[in-house]
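# Structural overview for review
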Amino acid sequence: MDLILFLAFAAIAVICALSVVLQTHPIASALSLVGVMGALSVLYLLLGAEFIAMVQVIVYAGAVMVLFVFVIMLLNADAESPRSTSAMAKALGLPIFLAFAAVLALAVLRLFPDTPLVRFGEFTGGGPADVGMALFTRYLLPFEVISVLILIAIVGAVVLARKEID
Amino acid sequence: MEFFIVSTIKALLVFFVLMTTLAYLQWVERKVIAHIQLRQGPYRVGPHGLLQPLADVIKLITKEGIVPPHVNKFFYFLAPIIAVSMSLIAISVIPFGGEIEVFGITTHMQLTDLNIGLLLVLALASMGTYGIALAGWASNNKYSLLGGLRSSAQMVSYELPLSLAIASPLLLLNTLSLREMVTQQEGFMLGFLPNWTIFQGPAPQLVGMVLFLIAAFAETNRIPFDLPEAETELVAGFHAEYSSMKFAAFFMAEYSNMLTAAAVTTTVFLGGWLPALPGMAGDLIAPAVFATGGAVCLYHGLNPARKRDKYTLPVFALVFFGLAALFLAPPLKDIAMPLFWFGAKTGALLFVFIWIRGTLPRFRYDQLMGFCWKFLFPVAVLHLLATALLVALAG
């Protein structure tokens, strides 16, 4: 059962990811990205990380992508016309991509030679309480550093936007 | 197998009750607003317009579905589907009552209890934004586009105070499962004050509930925050190009969102299906309310103001007395009592939604954003910090 679900949602994620690249219209691409995030959150659920799954939907699919869509709509971006690509890109694009994928796969196989398979329902430490405990004990420093980083980003955005207005 | 059958039956039951409630919610809204504005509201179809929702449904189904030639077809059809499905799914985690036994099968009066139930509701609410934003964009109409843009900006902004306001009662309840939340609020303080989060020590959440309700108004696009469909400036906003069932889908989504917001407020802040009064008094309120209704009907039936009242009102009185008897018969009582309390609290909140629509004018767009970022958000943060401090001090 979990294998079927995994394959179904992994397939949806891959198809949506391809669609992000292949669609000509920015809105269609952005919505395909929402599809990728939705499928990923189901995969998180299958792994037993309920909290992460929901946060994925709330933050990425629900907030970040809504802003993306908002900006695309505001700019009133139209469908891109296919540009003429160079002959070299046409000839070498796919082989190089496949070679890169092969290298990645090889690296994963080398680094983790005999990892046991994950089974559905085996891992139960993905609830909100567990994530909270991990964040505020073991990963406290990275957590705080990231929050400072985000604060800097916000202040930076405000400063940049101010210049535009004045 | 038994789990599958029970779940299917429960899902169908909830679906039909939900659909009927949504249809009649619209009737109630029209009636209440009519009376606020000294009108009579729907009156022609059925007694007091009671069959109006049915007529509306038939009208919407049989209307011609016009698809304007300039729309982006795929997204134009996708938008209402997203809007309505996201808002209807949310009802699946709402608990309507505790554990009951029907025909030897023990089950909960709730479709499913997730340990991340509240997060699921928030996630679905944020996904519902796409329905409105896409509808505005795919219609390829500047009024619709403005409506869609307004809605996405508004919903992203108001999600922050919404999440912050609902985070503070979670500090008291220590769980994200909606069923456990209700069981955490059981019991009474000083013998009469229910242990709901709005009264519960060390940090009563009355302010939190008001903040949550204000943000919920914006999330559900209700007056005074219904800028996405402000008819005076935007024709009909994001759904200007939608007709027949596609329009009905948006309509249903709006009412269903309203229902979810009221039900979540009831569950998190007002103790869900738990009674408001302890012991016998709490048990007797429901039959007393219905028996009073029956007595009033019977009195007016015996002193008829119009000819027909002699025959119709005693029938209504019988129905009311029957409902009152339902709350006294032991096996049915366990099912009817939680439903009564849950319905009463949710209904009261829905009435507030409608009442405010009949009272307040619409905000201007810059006022809407200023209110969110300069008032609601800071207050929600302070409230969360104060609650956290009080909970920490109380240990």
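This one's a predicted model, so the numbers in the text were calculated from it and none came from an experiment.

Rules of the game
Residues numbered from 1 in each chain as written. Chains lettered and ligands numbered in written order. Predicted model: local features only at pLDDT ≥ 70, side-chain atom pairs only at ≥ 80, totals over all residues. Heavy atoms only, no water. Helix = DSSP H or I, 4+ residues; strand = E, 2+ residues; numbered from the N terminus. Rg over C-alpha atoms; globule rule 2.2 N^0.38 Å. Buried < 20%, exposed > 50% of the residue type's maximum accessible area, 1.4 Å probe, protein only. Contact = heavy atoms within 4.5 Å. Areas by Shrake-Rupley, 256 points an atom, 1.4 Å probe, with all protein chains shown as cover. Domains from an automatic or database assignment. Buried area = accessible area lost by both parts, 1.4 Å probe. Salt bridge = Lys/Arg side-chain N within 4 Å of Asp/Glu carboxyl O. Polar contact = N/O pair within 3.5 Å; in protein donor to acceptor, adjacent residues only side chain to side chain. 1 Å grid on protein atoms, 1.4 Å probe; cavity = no way out; pocket = protein on both sides within 12 Å on 5 of 7 lines; lining within 4 Å. Points joined across faces, edges and corners; volume = space filled by probe spheres on them. Nonpolar A, V, L, I, M, F, W, Y, C, P; charged D, E, K, R; others polar.

### Focus on the overall build of chain B
A count of helices and strands for chain B gives 13 helices and four strands. For 395 residues, the compact-globule formula gives about 21 Å, and the C-alpha radius of gyration of chain B, at 22 Å, lands near that figure. For chain B, the spread of C-alpha atoms along the three principal axes comes to 65 × 60 × 50 Å. Here chain B holds 395 residues, and 49% of them are scored as buried. Residue pairs in contact within chain B that sit at least 24 positions apart in sequence constitute 76% of those at least 6 positions apart. Taken as a whole, chain B presents about 18800 Å² of accessible surface, with 73% of it coming from carbon and sulfur.

### Brief notes about the domain arrangement of chain B
Residues and elements named next belong to chain B. When the domains of chain B are assigned, the result is domain 1 (1-62) and domain 2 (63-274 + 329-394). On a C-alpha basis, the centroid separation for the pair domain 1 and domain 2 is 19 Å. In this complex, domain 1 contributes 20 residues to the contact, which on the side of domain 2 involves 27 residues. Counting each side, the surface lost to burial between domain 1 and domain 2 is near 2100 Å², with a carbon and sulfur contribution of 78%. Interface area lost by domain 1 to domain 2 is led by Leu 25, Glu 29 and Leu 60, which between them contribute 28%. With a shortest N-O distance of 2.7 Å, Glu 29 and Arg 357 are connected by a salt bridge. Between domain 1 and domain 2 we count four residue pairs in polar contact (both at pLDDT 80 or more) in total. Put simply, the parts of the chain that give the side of domain 1 that touches domain 2 at least two residues each are helix H1 (2-36) and helix H2 (52-62).

### Notes on the environment of B:Ala348
Here B:Ala348 lies in helix H12 (residues 330-359). With 258 residues separating them along the chain, B:Ala348 and B:Ala90 place their C-alpha atoms 20 Å apart.

### Some thoughts on the interface of chain B and chain A
When the parts of a complex come together, some accessible area is lost, and that lost area is often taken as the interface size. With 22 residues of chain B at the interface, the matching set in chain A holds 20 residues. Of the roughly 1900 Å² buried at the junction of chain B and chain A (both faces included), carbon and sulfur atoms supply 84%. Its largest share of buried area at the contact with chain A, chain B owes to B:Tyr130, B:Trp137 and B:Leu149, together 31% of the area lost on that side. The tally of links between chain B and chain A comes to zero salt bridges. There are three residue pairs in polar contact (both at pLDDT 80 or more) connecting chain B and chain A. Among the elements that make up the side of chain B that touches chain A, the one with the highest residue count is helix H4 (residues 117-138) of chain B (11 residues).

### Let's talk about the side chain of A:Ser32
Tracing the backbone shows A:Ser32 in helix H2 (residues 26-47). Setting aside residues no more than four positions away along its own chain, A:Ser32 makes contact with A:Cys16, A:Ser19, A:Val20 and A:Gln23.

### As for empty space enclosed by the protein
All names here are of chain B. Enumeration according to the criterion identifies one cavity of 30 Å³ or more in this entry. Within this model, the largest cavity holds a volume of roughly 410 Å³. Every residue lining the largest cavity is counted, 29 residues in all, and those nearest its centre are Ala 125, Met 155, Glu 219, Thr 220 and Asn 257. The set of elements that each furnish at least two residues to the lining of the largest cavity consists of helix H3 (73-89), H4, helix H5 (142-173), helix H7 (206-219) and helix H9 (244-269). The element contributing the most residues to the lining of the largest cavity is H4, with eight residues. Residues of the lining of the largest cavity, tallied by class, amount to 19 nonpolar, seven polar and three charged.

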